[in-house]
Amino acid sequence: MIAVSNLLQLETGKTHLGLTGPTIITNDHNNSDNNTDSSPGEHPVVLAEPPSPPSAAAHAQLPSLAALALSDPVERWLPDAQLTSSSTNTAVETTPATNNNDATGAVPSKGGENLAYTYPPPPSGDETTGSLPYPPATPHLTRAPIEIATKDPAVGRGVFATAYIPAGEVVEISPVLVLDEKEYKGRSKGEQDDGTLKGVEASQLRGYVFTWGRDGSMAVALGIGSLFNHSSSPNVTYSLDYSQYTISYRTAKPVRQGEELTIFYGHSVRFSGTDKSVEEAVVENDAIDDGWGGLGGLHAVDEEATEGAVDPDEKRLAHLRSLSPQELAERDNEIIGPDEPEFHWKKVTELIDPEDAELTTMSCYAIDVPARHSSPVFQFVRKHASRKFNELAHLKRVRPIASRAPSPSPPPAADEDGDAERSHRSDPDQLQSVLLFPVASAPADLVALLAASPLASALAPAPVPVVYTVDVPAEAARTEKQAREWGAVWPVQVVHVREGAKAVKRKKGWERAKVEWVQRQAEKVWERAQEAGRRGEHPIACRVTDSWSADFHTSLHTPLKLVTAHDTRLSTGNVLSHAASNAIDAVAVLDLQGGRPPLHLFGPDAANPPYLLTGLTVFLSHEPCLLCAMSLLHSRIKQLYYIKRAPGAGGCGSLYSVHEDGGLNHRFEVWEWDGAQVGGIGAGQDDELRLDP
Ligand SMILES: C[S@@+](CC[C@H](N)C(=O)[O-])C[C@H]1O[C@@H](n2cnc3c(N)ncnc32)[C@H](O)[C@@H]1O
């Protein structure tokens, strides 16, 4: 049971516990991932519930395991500010519930709610003799090399490896005993909570139950499942199987012989009476019910840590709110160029911006003739050109011999119709090189044709000069700089027009408000990925949001998030449960339930009616693998931002660039974090994380 206090109430009055297992519906008010999105005192709105696991009272007609698993790692909510400001008549509301049931004393939260729910200490045994309540080792039958032992009386029994266990091994599948809310809490839904523990919750079992679904049911894991102790860096992850009524436990990391196998009980935990918990279970200050599951009785908030602390985001918002509309617009619209320190993103593209292109050359035939004889050469070329279009249109046709040697600024060259004439007029005997044909498309009998051409007659009795090959620029220059550099090879035309798909890297920068919006979304997905890692999953997360539009968003706009999901390959044993897939599935489930936020909350790119992820933006902690990149493409996303590359596996820049393959039926923009690798959001571990090891 996670954060019993962290209840969500829909308009129906239905109350939900934070989910156990990787499933998440989060109370905005308390969830770190959204705290910075919210105004204090306001509460999030859950627009839709993911498919519900069965309640203890409704075990018939179970949904498929797959359907449940898909929604497991998913959080969905709308930002408070938007909902309160723009959708007061929206169909749903949430209110924080309270829980005063704390055997060890209620710990009031900032808002006056009692959020604490502290674990009881393990049975103490006989203090006078120091004997343990249970034998130091307990016999059991399991195929996994594990033993139940008490190595630290303050923690009680735990599960230890008797031999090395590789990562990914299922070490236990525990059947569960499900208790409904009334049985567990000793009171019916809606019944006044008088602050005393009742029912099963009043017993020792309080420290042994897992939240089971969202209707208040709790599950006792029979077998070894109840004996895993908590760690904030666990080596075992687990998943709930609502159809089988089991919880399976799988190693998330290799475990050494003698090492304790631990699971993660919840975002922050408190164990009464055990000093160990203080170092072991660091209390994190603002997240309570992450819905990850874990055993019951999770405490809540560390008030001391948050008391008086000013949320930096709140401070920022307060400043922004103090600005006049004009001041705000000026600030928001200031363009931050890609080379400025605040700009942390680089576009992921294989396409080369023509303005940055290096010189490429092609081989051509040329001939040197006095300027006065240029015209017969041009006529000859026109007559024998094998292509309808002029393959050398991007080049000046003529180069005065004097300028053949490279020079920083070649003299203006003669062209076919104008400059040649001028050069002819200025000095008709000036020798100049004239381009004939690209070698690849020249007539096979070029020399013979020239010998029979009017040029030969014009030059007679002098012979037709030798035809030679010369390398010339293969493309027109796009900038004066390119024209200067490439012109040293052969005079080239300058074309200032940008064209189509190639013109992808317009370096105009982003509005300040967009820079901040992208940064905040990226930080949130990164936090979520780290969180997943702490729980023994691969530290990969995905966040689906609306798309930035300068006409629609301001820096006061609360980032809208449709879903956030994390990778669940380790807990589910399904190698396809990548974060992006989980997120895409979650959006589909949301839509099936009609739970997508009202369209007016989205920027103008969102499809109307909604269709897949059309027009939406996706933030990923890591570059998507090829499969996920294709899934995002099929989902019709508008943009993708990722923080870390996945060398050898990524489908958006590393192995391949799915997002700009002209043969596929959709394209999207991709940006990669380019900020500090130390101290920034991309800092730290998993640089080389492979998505498909
Ligand atoms: C599910 S039980 C685990 C098995 C338990 N140690 C036993 O002996 O039965 C949960 C209880 O174990 C203890 N515990 C688990 N993890 C702990 C930790 N990291 N630090 C201190 N106590 C812990 C707490 O007393 C908690 O109520």
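Under an unreviewed UniProt entry, the protein has the name SET domain-containing protein and belongs to Rhodotorula paludigena. Quoted verbatim from the Sequence similarities (unreviewed entry) field of the UniProt record, the comment on the protein reads "Belongs to the cytidine and deoxycytidylate deaminase family. ADAT3 subfamily."

A. Region of the structure containing the overall build of the protein. Looking only at helices and strands, the protein has 17 helices and 24 strands in total. Out of the 693 residues in the protein, the part that is buried amounts to 44%. Pairs at least 24 residues apart make up 71% of the contacts formed inside the protein by residues separated by at least 6 positions.

B. Quick look at the sheet that holds strand β16 (residues 398-400). Pairing is antiparallel in the open sheet, where 4 strands are placed in the order β16-β17-β15-β18. Only two strands of the sheet have a single partner each, and these edge strands are β16 and β18 (467-473). Averaged over all neighbouring strand pairs, the angle between strand axes comes to 40 degrees, with direction disregarded. Sheet topology places β16 next to strand β17 (residues 431-438); 3 bridges connect them, and they run antiparallel. Bridge pairing in β17 places V398 opposite V434. Across the sheet, helix α9 (residues 374-384) touches β15 (361-370), β16 and β17, and the angle it forms with β17 is around 0 degrees.

C. Spotlight on the sheet that holds strand β6 (residues 170-179). With respect to topology, 5 strands assemble into an open sheet ordered β7-β8-β6-β11-β10, the strand pairing being antiparallel. Every interior strand has two partners, whereas the edge strands, β7 (209-211) and β10 (236-241), have only one. Neighbouring strand axes in the sheet, compared pairwise and without regard to direction, differ in orientation by 35 degrees on average. Bridge count for β7 against strand β8 (residues 218-221) is 3 bridges, and the pairing is antiparallel. Bridged to V209 within β8 is V220.

D. The arrangement of the packing of helix α16 (residues 579-592) against helix α17 (residues 626-634) in detail. Look at α16 against α17: their axes get within 9 Å of each other, and the N-to-C directions meet at 25 degrees. Of the possible angle classes, the one that applies to α16 and α17 is roughly parallel. For the pair α16 and α17, the sense of crossing is left-handed. On α17, the residues that touch A580, S581 and I584 of α16 are C628, S631 and L632. Residue classes in the contact of α16 with α17 are distributed as 4 nonpolar, 2 polar and no charged.

E. Seen up close, the nonpolar core. In this structure, C542, V544, A583, V587, V618, L620 and L640 are the most contacted members of the largest nonpolar core, which totals 54 residues. Where this core is concerned, the elements lending two or more residues are α14 (512-534), β20 (541-545), β21 (561-566), α16, β22 (617-622), α17, β23 (639-644) and β24 (669-673). In terms of residues, this core owes the most to one element, α14, which gives 9 residues. Apart from residues no more than four positions distant in its own chain, C542 is found in contact with V525, A565, A579, A580, A583, V618 and L620. Core analysis: the second largest hydrophobic core is formed by 33 residues, L227, Y238, I263 and F264 among them.

F. Summary view of the pairing of β21. The element β21 is largely enclosed, with a buried count of 6 among its 6 residues. Here 5 bridges tie β20 to β21, and the two strands are oriented antiparallel to one another. Residue pairing across strands places R543 opposite T564, the latter belonging to β21.

G. Here's a closer look at the pairing of β20. The element β20 is largely enclosed, with a buried count of 5 among its 5 residues. Residue alternation in β20 divides its side chains into two sets, A541, R543 and T545 and C542 and V544, and both sets are buried. Looking at chain direction, β20 and β22 are connected through 4 bridges and run antiparallel. Counted as the bridge partner of T545 is T617 from β22.

H. Structural detail: unusual backbone geometry. Cis geometry marks the peptide bond from A460 to P461, where omega comes out at 10 degrees. Examined against the element boundaries, P461 turns out to sit in the loop between α12 (454-459) and β18. At the junction of N608 and P609, the peptide bond is cis and its omega measures out at 5 degrees in the coordinates. Relative to the helices and strands, P609 resides in the loop between α16 and β22. Even without being glycine, Y245 reaches a positive phi, approximately 60 degrees. Position of Y245 relative to the elements: it lies in the loop between β10 and β11 (246-251). Y245 gets classed as partly exposed once you count the C-beta atoms within 10 Å, which come to 18. Backbone geometry at L612 places phi at a positive 50 degrees, although glycine is not the residue there.

I. Looking closely at α17. Residues C628, A629, S631, L632 and L633 constitute the buried set of α17. Buried positions along α17 lie against α16, β22 and β23. Following α17 by one or two positions, R636 has its phi on the positive side, about 70 degrees.

J. The environment of A149, seen in detail. You can see A149 is positioned in strand β4 (residues 146-152). Overall, A149 belongs to the partly exposed group, with 19 C-beta atoms counted inside 10 Å. The sequence separation of A149 and P139 amounts to 10 residues, and the corresponding C-alpha distance is 9.5 Å.

K. Region of the structure containing the confidence of the model for the protein. Summary statistics for the protein give a mean pLDDT of 72 and a share of 68% for residues scoring 70 or more. Predicted confidence for residues 58-74 stays below pLDDT 50, and this span has 39 contacts to residues more than four positions away or in other chains. Interface confidence for the predicted complex, expressed as ipTM, amounts to 0.99; the pTM equals 0.52.

L. Highlighting α16. Spanning 14 residues, α16 covers 20 Å between terminal C-alpha atoms, matching the ideal 20 Å at 1.5 Å per step. α16 sits mainly inside the fold: 11 of its 14 residues count as buried. All of the buried residues in α16 are A579, A580, S581, N582, A583, I584, D585, A586, V587, V589 and L590. Remark: G594 follows α16 within two positions and exhibits a positive phi of approximately 65 degrees.

M. Local environment of the environment of A144. Along the chain, A144 falls in the loop between β3 (137-138) and β4. For the pair A144 and E172, spaced 28 residues apart in sequence, the C-alpha to C-alpha distance is 7.4 Å.

Definitions and limits used
Residues numbered from 1 in each chain as written. Predicted model: local features only at pLDDT ≥ 70, side-chain atom pairs only at ≥ 80, totals over all residues. UniProt positions renumbered as here; feature names shortened; annotations may be inferred. Helix = DSSP H or I, 4+ residues; strand = E, 2+ residues; numbered from the N terminus. Buried ≥ 20, exposed ≤ 12 C-beta atoms within 10 Å, placed from the backbone. Contact = placed C-beta atoms within 7 Å. Pairing = 2+ DSSP bridges. Axes fitted to C-alpha atoms, helices over the stretch in contact; angles between N-to-C directions. Parallel < 35°, antiparallel > 145°, perpendicular 65-115°, else oblique. Left-handed = near helix turned anticlockwise from the far one by under 90°. Nonpolar A, V, L, I, M, F, W, Y, C, P; charged D, E, K, R; others polar. Core = buried A, V, L, I, M, F, W, Y, C linked by C-beta atoms within 7 Å. pLDDT = per-residue confidence, 0-100. Expected span 1.5 Å × (residues − 1).

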